[in-house]
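# Close look at the chain arrangement
Listed below are the residues making up each chain.
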Amino acid sequence: MVTVLIAGGGTGGHVFPMVAVGDAVRAAARDEEARVVYVGTARGIEVRVMRERGDALELLHVLPLRGGGLSGFVRGAARAGRVLPEARRLVERLDARVVLSLGGYASGPVSLAARSLGVPVAILEPNSVLGLSNRLLSPIVDRAYVAFPEAARALRPSTVRLFGVPLRRAFARAPYAPREGELRLLVLGGSQGALALNDVVPRAIAQGRERGVALEVVHQTGRDREAAVRSLYAELGLAERARVVPFIDDVAEALAAADVVIARAGASTLAELCAVGRPSILIPYPFAADDHQLKNAQSLERASAAVAIAQADATEARLAGEIARLAAAPALRARMADAAAALAAPDAAARVAADLLELARAPRHRALRLPAPFGRAARGGEAPRRAVMKEAAPVGAALGREEAG
C-alpha cells in the first residue's frame, strides 16, 4: 500500500486540483493499491468537498499567515510551529510515502513534518506567482509542479516540472464554432461571488444591448447573491435574456456552450477555460496575494487568448465596448479560442500523479533535523482530527471557485 498525502485547501483554486491529482494517483497506481489522504483545515471548502466525494480528510488547526499584518503573521507562524508535532504523528500514523503541497494553511506544517522524517515532498503551484507556503517550502522540495513559466524562475531548476494545472476529467476540448448574431455570454464570479462583477457586468450588458448587441447571459453569482443580481437584470430590462444562478454544477458544459466568458483570473478558472478552449474577458481579483491573478490574466492576454482588464479599469463603458467588439468579430473569437486551447495541459493530473508515485517508491531521504521543540513529537497537544467521508455524491464543479471580489 502506497499512501500519498495531499495537503492544502481553502478555496476551489486549491481544492479542485487536489481532487484531480488524488483521482489520477488512484488511476495511475493500477496493480499497486494506492491510498490518498487529504489534509486541510475546518476553515476551507475541503470539508464540504471531501464529504460529498467520500474522501479521507485529516484536519489540522492552523491559522493564516497573511491578511492580519505583522501580528497575524507572528500568530500564524507560532501556531504552525505548535502543530508540527501533530503533523509528524499524522505522517507517521498514515505511513505516508510522499506529500504534495498545494498551498493553504495546512500544507506548510505537513510538508515540513514529512521532510523531517525523510519523506519526499513536492509542491504544486498553479499560479504564475508562488504562494507564500510554497515559496517557504521550495528549498526543501524534491519536485515543483508549475503551470506558468514565470513561477519556475523562483525555483531550483532541477525540481521544476512544467506540467500545467491538474483538472478533473470533465474539462476537455470542445470545438468552437463562432456564430453570427446572438452572443452567448457566461459570467463566472465564483461560489463566494464577485461583488464587482455582479454589479458592473449586468450594467455593461445593458449598454451592449443599447449598442445593438444581441446577448444571452448565464451569470453565476455566488451563494446568497442571486436575488440581488436577478433583480438588477430585471431593473435593466434584461430579465428574459439572463439566467442567474448561485452555482453551476457542470462548469465544463457551461463553458462549452459559451461564446465568451467573463471571469476572475484564478489559475483553476484559466486552466478550465483553456482546457475547453474559449475566449474570455478577465477581470482579476485585485486583492489576490502578490497580485497573482493580474499576472495570470496578462499571461493569457500575451498569448492572444484573453482580454485582461484590471478591476479599476473595468467600467461599464469599457466592458460594453469589449463585449461589442467580440460580438462583431467571430473570426477573432475563434482565434482566441484556439490560442486558449493551445495553452491547455489536459494530461497535467496524470503526469503529476505518475511522478508522485515515482517519488513514493524511491528510497527515503535522510531525516531533516528541526530545531527543538519542532523536532520532538511531543506527547501533548491536540491530535489531528479525522474526517473520513464515505459514499456521497460527486461534488458540484462550481463549489468554492476562487476568491470573492
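This report concerns the structure included in the present document. Everything numeric in this text was worked out from a predicted model, so none of it was measured.

### Some details on helix α7 (residues 195–210)
For α7, with 16 residues, the first-to-last C-alpha span of 24 Å sits near the 22 Å given by 1.5 Å per residue. Those residues of α7 that fall on the buried side of the exposure criterion are Leu197, Asn198, Val200, Val201, Pro202, Ala204, Ile205, Ala206 and Gly208.

### Details of unusual backbone geometry
Of note in the backbone geometry, Asp95 takes a positive phi value of approximately 50 degrees without being a glycine. Positionally, Asp95 belongs in the loop between α3 (69–94) and β4 (96–101). The class for Asp95 is partly exposed, based on a relative accessible area of 44%. We note that Asp224 has phi near 65 degrees; this positive angle belongs to a residue other than glycine.

### Things to note about the packing of helix α1 (residues 12–29) against helix α2 (residues 46–53)
As a packed pair, α1 and α2 sit with axes 10 Å apart at the nearest point and diverge in direction by 35 degrees. Helix-helix and strand crossings are classified by hand; for α1 and α2 the assignment is right-handed. Facing α1, whose interface residues are Val15, Phe16, Met18, Val19, Asp23 and Arg26, α2 presents Glu46, Val49, Met50 and Arg53. The class makeup of the residues in the contact of α1 with α2 is 6 nonpolar, no polar and 4 charged.

### As for the sheet that holds strand β10 (residues 242–245)
Strand order in the open sheet formed by 6 strands is β10-β9-β8-β11-β12-β13, with parallel pairing between adjacent strands. Of all the strands in the sheet, the pair left with one neighbour each is β10 and β13 (306–308). Adjacent strand axes in the sheet meet at a mean angle of 15 degrees when their direction is disregarded. Pairing of strand β12 (residues 280–282) with β13, which is carried by 3 bridges, proceeds in the parallel orientation. If you follow Ile281 over to β13, its bridge partner there is Val307. Together, β8 (183–188), β9 (215–220) and β11 (260–263) form the strand contacts of α7, whose direction differs from that of β9 by roughly 175 degrees.

### A closer look at the pairing of strand β5 (residues 121–125)
Within β5, 5 of the 5 residues are buried, which leaves it mostly tucked inside the rest of the structure. Burial along β5 is two-sided: the residues Val121, Ile123 and Glu125 and Ala122 and Leu124 are all buried. Of the strand pairs in this sheet, β4 and β5 are connected by 3 bridges, and their pairing is parallel. Across the sheet, the residue bridging to Leu100 is Ala122, located in β5. A crossover links β4 with its parallel partner β5, the connecting element being helix α4 (residues 107–116), and its sense is right-handed. As defined by bridge partners, β5 adjoins strand β6 (residues 143–146) across 4 bridges and the pair is classed as parallel. Within the sheet, the bridge partner assigned to Leu124 lies in β6 and is Tyr145. Regarding the hand of the β-α-β motif, the stretch spanning β5, helix α5 (residues 132–137) and β6 is right-handed.

### Quick notes on helix α12 (residues 316–327)
Taking 1.5 Å of rise per residue, 12 residues should cover 16 Å, and α12 covers 16 Å from first to last C-alpha, within 8% of that figure. Among the residues of α12, Leu319, Ala320, Glu322, Ile323, Ala324, Leu326 and Ala327 are the ones counted as buried.

### Quick look at the environment of Ala362
As for its position among the elements, Ala362 is in the loop between α14 (348–361) and β14 (385–388). We classify Ala362 as partly exposed; its relative accessible area is 27%. With 265 residues separating them along the chain, Ala362 and Arg97 place their C-alpha atoms 8.8 Å apart.

### A few points about the pairing of β10
Sheet analysis places β9 next to β10, joined by 4 bridges and oriented parallel. Bridge pairing in β10 links His219 to Val244. Crossover β9 to β10 through helix α8 (residues 226–235) is right-handed.

### Comments concerning the packing of aromatic side chains
Taken as a whole, this structure holds 2 aromatic pairs when the rule is applied. A ring pair is formed by Tyr145 and Phe163, whose centres lie 5.6 Å apart and whose planes are at 15 degrees; its orientation type is stacked. In this pair, Tyr145 sits in strand β6 while Phe163 sits in the loop between β7 (160–162) and β8, placing the two residues 18 residues apart along the sequence. Just as Tyr145 is buried, Phe163 falls in that class too. Pairing Tyr285 with Phe287 gives two aromatic rings, centres 5.8 Å apart and planes at 80 degrees, and the pair type is edge-to-face. On the basis of relative accessible area, Tyr285 is assigned to the buried category, the value being 16%. Over the face of the ring belonging to Phe16 we find Arg168, whose NZ or CZ atom lies 4.2 Å from the ring centre.

### A word on the nonpolar core
Counting 35 residues, the largest nonpolar core has Ile6, Val25, Leu100, Tyr145 and Leu356 as its most contacted members. Among the elements that take part in this core, α1 stands out by supplying 9 residues, more than any other. Formed by 34 residues, the second largest nonpolar core is a distinct cluster that contains Val187, Ala204, Val213 and Met336.

Parameters and conventions
Residues numbered from 1 in each chain as written. Predicted model: local features only at pLDDT ≥ 70, side-chain atom pairs only at ≥ 80, totals over all residues. Heavy atoms only, no water. Helix = DSSP H or I, 4+ residues; strand = E, 2+ residues; numbered from the N terminus. Expected span 1.5 Å × (residues − 1). Buried < 20%, exposed > 50% of the residue type's maximum accessible area, 1.4 Å probe, protein only. Axes fitted to C-alpha atoms, helices over the stretch in contact; angles between N-to-C directions. Left-handed = near helix turned anticlockwise from the far one by under 90°. Contact = heavy atoms within 4.5 Å. Nonpolar A, V, L, I, M, F, W, Y, C, P; charged D, E, K, R; others polar. Pairing = 2+ DSSP bridges. Right-handed = clockwise from strand over helix to strand, strands pointing away. Phe/Tyr/Trp six-rings, centres within 6.5 Å; stacked < 30°, edge-to-face > 60°. Lys NZ or Arg CZ within 6 Å of the ring centre and 35° of its normal. Core = buried A, V, L, I, M, F, W, Y, C linked by side-chain atoms within 4.5 Å.

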